[in-house]
Amino acid sequence: MKTNQKTLDMRPLGMTFTVLKTGAETNGQSLDLHWDLLPGCNMKDPLVHTHPNAIETYEILEGEMEFFVKNKWITAKKGDKLTVPMGVAHTFRNPTDKIVKVYNTHQPALKMQEYFEDVVKVLDKVTNQRTKEFKMDFNAKLYLGALMSQYRNDIIAVNPPDFAVRILGLIGKLIGIKY
């Protein structure tokens, strides 16, 4: 049994992820995570995205949440399982006042753990090491654009549009953004 699980604190975005099995532990077959989605997570402008080279699965362990898949929102509750095929636009949110617990996998693992670890670094940077509230201002968009441009094999924005995220990433790179 694994005793050294890594928690990825993305509370400024309303969530924490705990790595249950790394890509290295599964020989690249999957990245297995436990999510805690805080009340109100992703209720404003959630990142609709695709995974061009991976399948993502969700199993609701506790609570109720919503998923946007292709072009519609669906509600999922404890016991429900959802699989999002490669390349399908999706996102999620927690519209409730309770924490939602989710078992999540990305198959294959690719570099999704590194992506999530870098999201944490970006959040630390744009919140001055968590001393100020996260705001999706222009600075945050530049950082997130720079981040997403590094992981195009793993995740691509749909809304906001990919071209806008790529332009922000290019500007961020040109002005020397580092996280």
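Everything below is about the structure shown above.
Overview of the structure.

### With respect to the packing of helix H2 (residues 138-149) against helix H3 (residues 162-174)
Next up, step 1: Between H2 and H3, whose axes approach to 7 Å, the crossing angle comes to 95°. Classed by the angle they form, the pair H2 and H3 counts as roughly perpendicular. Here H2 contributes Phe138, Lys141, Leu142, Gly145, Ala146 and Met148 to the contact with H3, which in turn contributes Val165, Leu168, Gly169, Ile171 and Gly172.
Next up, step 2: Partitioned by chemical class, the residues of the contact of H2 with H3 number 7 nonpolar, 3 polar and 1 charged.

### Let's talk about a nonpolar patch on the surface
Next up, step 1: A cluster of nonpolar residues, Phe163, Ile167, Leu170, Ile171, Leu174 and Ile175, forms a patch on the protein surface that exposes about 640 Å² of accessible area.
Next up, step 2: Note on placement: Ile171 falls in helix H3.
Next up, step 3: Given a relative accessible area of 33%, Ile171 falls into the partly exposed group.

### Things to note about empty space enclosed by the protein
Next up, step 1: A full pass over the atoms with the stated rule returns 1 cavity of 30 Å³ or more.
Next up, step 2: Counted as a void, the largest cavity has a volume near 40 Å³.
Next up, step 3: By residue class, the composition of the lining of the largest cavity is 5 nonpolar, 2 polar and 3 charged.

### Notes on the nonpolar core
Next up, step 1: In this structure, Met10, Leu37, Phe67, Phe92, Tyr115 and Phe116 are the most contacted members of the largest nonpolar core, which totals 45 residues.
Next up, step 2: Excluding anything up to four places from it in sequence, Leu37 contacts Gly14, Met15, Met65, Phe92, Asn94, Lys98, Ile99, Val100 and Val102.

### A closer look at H3
Next up, step 1: In this model, H3 (13 residues) spans 18 Å end to end at C-alpha, consistent with the 18 Å of a helix rising 1.5 Å per residue.
Next up, step 2: Those residues of H3 lying buried are Asp162, Val165, Leu168, Gly169 and Gly172. Burial along H3 is one-sided: seen end-on, the buried residues are contained in an arc of 125°. Those residues of H3 that are exposed and aimed more than 90 degrees away from the buried face are Phe163, Leu170 and Leu174.
Next up, step 3: Contacts made by the buried residues of H3 are with H2 and strand E11 (156-159).
Next up, step 4: Among the residues trailing H3, Gly176 stands out with phi positive, at a value near 85°.

### Describing the packing of aromatic side chains
Next up, step 1: Inspection of every chain in the model, using the stated rule, returns 8 aromatic pairs.
Next up, step 2: Looking at Arg93, its charged tip hangs above the ring of Trp73, at a distance of 3.6 Å from the centre.

### Points about the packing of helix H1 (residues 112-126) against H2
Next up, step 1: Two elements in contact, H1 and H2, have axes separated by 10 Å at closest approach and are oriented at 160°. One element, H1, and the other, H2, form an angle in the roughly antiparallel class. Viewed along their axes, H1 and H2 form a crossing whose handedness is right-handed. Residues Tyr115, Asp118, Val119, Val122, Lys125 and Val126 of H1 lie in contact with H2, whose contacting residues are Asn139, Ala140, Tyr143, Leu144, Leu147 and Met148.
Next up, step 2: The residue makeup of the contact of H1 with H2, split by class, is 9 nonpolar, 1 polar and 2 charged.

Conventions adopted
Residues numbered from 1 in each chain as written. Predicted model: local features only at pLDDT ≥ 70, side-chain atom pairs only at ≥ 80, totals over all residues. Heavy atoms only, no water. Axes fitted to C-alpha atoms, helices over the stretch in contact; angles between N-to-C directions. Helix = DSSP H or I, 4+ residues; strand = E, 2+ residues; numbered from the N terminus. Parallel < 35°, antiparallel > 145°, perpendicular 65-115°, else oblique. Contact = heavy atoms within 4.5 Å. Nonpolar A, V, L, I, M, F, W, Y, C, P; charged D, E, K, R; others polar. Patch = residues over 30% accessible without salt bridge, like charges linked within 9 Å, V, L, I, M, F, W, Y side chains within 5 Å. Areas by Shrake-Rupley, 256 points an atom, 1.4 Å probe, with all protein chains shown as cover. Salt bridge = Lys/Arg side-chain N within 4 Å of Asp/Glu carboxyl O. Buried < 20%, exposed > 50% of the residue type's maximum accessible area, 1.4 Å probe, protein only. 1 Å grid on protein atoms, 1.4 Å probe; cavity = no way out; pocket = protein on both sides within 12 Å on 5 of 7 lines; lining within 4 Å. Points joined across faces, edges and corners; volume = space filled by probe spheres on them. Core = buried A, V, L, I, M, F, W, Y, C linked by side-chain atoms within 4.5 Å. Expected span 1.5 Å × (residues − 1). Arc of directions from axis to C-beta. Phe/Tyr/Trp six-rings, centres within 6.5 Å; stacked < 30°, edge-to-face > 60°. Lys NZ or Arg CZ within 6 Å of the ring centre and 35° of its normal. Left-handed = near helix turned anticlockwise from the far one by under 90°.

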